[in-house]
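# Structure at a glance
So the chains spell out like this:
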Amino acid sequence: MKFISTRTKDFAGVSSAYAIKTGLCSDGGLFMPEEIPSLTESELVELLAESYEVRAARILSKFLTDYTHDELLECARGAYSAEKFGEHPAPVSTLGDGMYMLELWHGPTSAFKDMALQIMPRLFSLALGKCGEERTALILVATSGDTGKAALEGYRDVPGVKIKVFYPTGGVSRVQKLQMQTQEGSNLSVEAIVGNFDDAQSGVKRIFSDEKMAEELNAGGVFLSSANSINWGRLVPQIVYYVSAYCDLVSQGEIALGEKIDVCVPTGNFGNIFAAYIAKLMGLPIETLVCASNKNNVLTDFLECGKYDRNREFYTTMSPSMDILISSNLERLLYTVLGTEKTARYMRELSESGAYTLDGEDFAKIRESFVGLYTDEEETRETIKRIYNEKNCLIDTHTAVAVSAAERYRDTYKAERKILTVSTASAYKFARDVYRSLTDTDASGDIEALSELEALTSVKIPTPLRAVLTKPRLHNSVIDKSEMERVVKEFALS
Ligand SMILES: *Cc1c(COP(=O)(O)O)cnc(C)c1O
């Protein structure tokens, strides 16, 4: 299977290892498989009795054909071990009335990014060998919270790779900061930047485009790479859990084999929901994909009227991982439905004016599979409280955005299919907002909110989150953004 660009028609295809190693196409587009492989009903039947790791190896091997099945199985076994994820890495639970929840937060950082960032470093490390790369890779990450910790945990002690994470002093929660400060591992470094997320991100972008720096690092046997969600290596592991959830629903007798379901995903960069769409294209019986947004509802408007317009106010919400105005992976949907020429045109319009409008026919094709709905802050709080009181189920702010959207979708569209809503974080990752939603009072502080929420609900704090409260803080350095180049160079060549 070759990988081609979303923007250029005759782009010479590359191997999946090369796509994972480089991240972005040379024409600025994103890598996509040249065709979507199929998943037949009899293959699905074979997967019913298999473990998550075996399901993962089977699905991945359809896309990553330059890896052997054994390599992929070994990567999956290392990534999704019981030690890291507990008994089932992605269990399905029920809310009643034909509503189910796919829980993706049982990994080491209690958020769904672990599902990809635990296995991608292993695929990346193998990719270096397959591409004949002898230099050390230095992964640079600017984070506003969840990605930084998940990337550190995934890349720690991976051979041939170093990782450096920058987070802004203003902009990550106390818990997120503690998670990063207490990170263990021999190949990593964490640094706080005085400023906001933009300062950290522009610093990293500046370093990526600094040719002189690239030469100096190259002379020292190092090259720079990134771990962000437009890398195909982060997308492909996310297809697996939709297939796995469908298998579990069949095995548990909740649905019949072949029965169509709807899926609702709390969306930011459009990576998670796009993985569900690929699963559908492969043949998994999914009818409608409900794209749930928070108050930053640029995708809701797009799916309502076909116009994408980022020229609007940006809101900081209780679901920060969805506070996004440019959803990068939407480009992959445009490409899949409309092809390279139109995608390149729309992406050019987006970068020039911040907006584009689909032709009626193009928009109709997207509407066949997607519905967009958004949930405001008030409704998010109300949903957390109601789902806890009525279903005895404790959900985080991002999941609440999706649960509310799923409920309204079923009402509005009179949809009678069963619906799988994706739960992307443990409630304890956003404990203070969850506590406030349940009690209408504030917890004593960000850290105190964890134990106060536990006392209130008797739901246990996930072990890795509890551990960061007492672990030594190994990374305490705070630097000015003008020092980023220097510290990267020092770390790279150390
Ligand atoms: C990253 C994230 C999302 C958004 O996922 P995308 O793939 O960017 O759409 C939703 N919820 C949580 C908790 C996240 O960390």
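Residues numbered from 1 in each chain as written. Predicted model: local features only at pLDDT ≥ 70, side-chain atom pairs only at ≥ 80, totals over all residues. Heavy atoms only, no water.

## Section: the packing of aromatic side chains
In this structure the tally under the stated criterion is 15 aromatic pairs. Sitting over the face of the ring of Phe 223, Lys 21 holds its NZ or CZ atom 5.3 Å from the ring centroid. Directly above the ring of Tyr 346 sits Arg 345, whose terminal nitrogen or CZ lies 5.1 Å from the centroid. (Phe/Tyr/Trp six-rings, centres within 6.5 Å; stacked < 30°, edge-to-face > 60°. Lys NZ or Arg CZ within 6 Å of the ring centre and 35° of its normal.)

## Structural notes on unusual backbone geometry
Glycine aside, a negative phi is what most residues show, and trans is what most peptide bonds show. Not every positive phi belongs to a glycine, and Phe 270 is a case in point at roughly 70 degrees. Its location among the elements puts Phe 270 in the loop between β9 (261-266) and α13 (271-282). Phi is positive for Asp 440, which is not a glycine, with a value near 60 degrees. Summarising the element assignment, Asp 440 is placed in the loop between α20 (431-439) and α21 (448-457). Exposure remark for Asp 440: the relative accessible area of 58% places this residue in the exposed category. (Helix = DSSP H or I, 4+ residues; strand = E, 2+ residues; numbered from the N terminus. Buried < 20%, exposed > 50% of the residue type's maximum accessible area, 1.4 Å probe, protein only.)

## A short note on the sheet that holds strand β7 (residues 188-193)
Strand pairing in a sheet relies on backbone hydrogen bonds. The paired strands run either parallel or antiparallel. Taken together, 5 strands build an open sheet; the order of strands is β8-β5-β6-β7-β15 and the sheet is parallel. Looking along the sheet, the strands with just one partner apiece sit at the ends: β8 (222-225) and β15 (478-479). Sheet analysis places strand β6 (residues 161-168) next to β7, joined by 6 bridges and oriented parallel. Bridge assignment links Val 165 to a residue of β7, and that residue is Val 190. Here helix α10 (residues 197-208) sits on the sheet in contact with β5 (136-142), β6, β7 and β8, set at roughly 150 degrees to β5. (Pairing = 2+ DSSP bridges. Contact = heavy atoms within 4.5 Å. Axes fitted to C-alpha atoms, helices over the stretch in contact; angles between N-to-C directions.)

## Structural notes on the nonpolar core
Core analysis: the largest hydrophobic core is formed by 113 residues, its most contacted members being Leu 64, Leu 102, Tyr 242, Val 263 and Tyr 356. The leading source of residues in this core is helix α12 (residues 232-251), at 13 residues. Formed by 40 residues, the second largest nonpolar core is a distinct cluster that contains Met 322, Ile 384, Ile 387 and Tyr 388. (Core = buried A, V, L, I, M, F, W, Y, C linked by side-chain atoms within 4.5 Å.)

## Quick word on the site of the ligand
Residues in close proximity to the ligand total 14 residues, the closest being Lys 113, Gly 268, Asn 269, Asn 272 and Thr 424. In this structure, Lys 113 approaches the ligand through a side-chain N or O atom, which is 2.5 Å from an oxygen atom. Within the backbone of Asn 269, one N or O atom sits 2.7 Å away from an oxygen atom of the ligand. Burial of the ligand by the protein chains amounts to 97% of its free accessible area of 380 Å². For the shell around the ligand, the per-class residue count stands at 4 nonpolar, 8 polar and 2 charged. (Near = heavy atom within 4 Å. Polar contact = N/O pair within 3.5 Å; in protein donor to acceptor, adjacent residues only side chain to side chain. Areas by Shrake-Rupley, 256 points an atom, 1.4 Å probe, with all protein chains shown as cover. Nonpolar A, V, L, I, M, F, W, Y, C, P; charged D, E, K, R; others polar.)

## Observations regarding the side chain of Ser 319
Here Ser 319 shows up in the loop between β11 (307-309) and α15 (330-338). Ser 319 gets classed as buried once you look at its relative accessible area, which sits at 1%. Here the side chain of Ser 319 touches Asn 294 through a polar contact of 3.0 Å, side chain to side chain. Beyond its immediate chain neighbours, meaning those up to four positions away, Ser 319 contacts Asn 294, Thr 397, His 398 and Val 401.

## Quick notes on the pairing of β6
Of all 8 residues in β6, 8 are buried, a share of seventy percent or more. Covered by surrounding structure in β6 are Val 161, Ile 163, Val 165 and Tyr 167 together with Lys 162, Lys 164, Phe 166 and Pro 168, the residues of both alternating faces. Note: β5 against β6, 6 bridges, orientation parallel. Across the sheet, the residue bridging to Ala 142 is Phe 166, located in β6.

## Structural notes on the pairing of strand β10 (residues 286-293)
The buried fraction of β10 amounts to 7 of the 8 residues, a majority that puts the element mostly inside the structure. Two elements, β9 and β10, share 5 bridges in a ladder whose sense is parallel. By the bridge assignment, Cys 264 is partnered in β10 with Val 290. In this fold, β9 hands off to α13, which returns the chain to β10; that crossover is right-handed. As defined by bridge partners, β10 adjoins strand β13 (residues 370-374) across 5 bridges and the pair is classed as parallel. Paired with Leu 289 across the bridge in β13 is Phe 370. (Right-handed = clockwise from strand over helix to strand, strands pointing away.)

## Section: helix α8 (residues 146-155)
Residues three or four positions apart in an α-helix share a direction because the helix packs 3.6 residues into each turn. With 9 of 10 residues buried, α8 lies mostly within the body of the structure. Buried within α8 are the following residues: Asp 146, Gly 148, Lys 149, Ala 150, Ala 151, Leu 152, Glu 153, Gly 154 and Tyr 155. Tucked inside the fold, the buried residues of α8 contact α6 (113-117), α7 (120-130), β5, β6, α9 (174-181) and β7. Just beyond α8, the residue with positive phi is Asp 157, at close to 60 degrees.

## What about the pattern of salt bridges?
Within the structure shown, the criterion is met by 36 salt bridges. As a salt-bridge pair, Lys 21 and Glu 133 come within 2.7 Å of each other at their nearest N and O atoms. One end of the pair, Lys 21, is in helix α1 (residues 16-22); the other, Glu 133, is in the loop between α7 and β5, and 112 residues separate them in sequence. Here the two residues Lys 21 and Glu 133 agree in accessibility, since each one is buried. The salt bridge involving Asp 301 is made with Arg 312; its shortest N-O contact spans 3.0 Å. With Asp 301 in helix α14 (residues 298-305) and Arg 312 in the loop between β11 and α15, the pair connects residues that are 11 residues apart, well separated along the chain. Since its relative accessible area comes to 29%, Asp 301 is described here as partly exposed. Through salt bridges that share partners, Arg 432, Asp 433, Arg 436, Asp 442 and Asp 446 make up one connected network. (Salt bridge = Lys/Arg side-chain N within 4 Å of Asp/Glu carboxyl O.)

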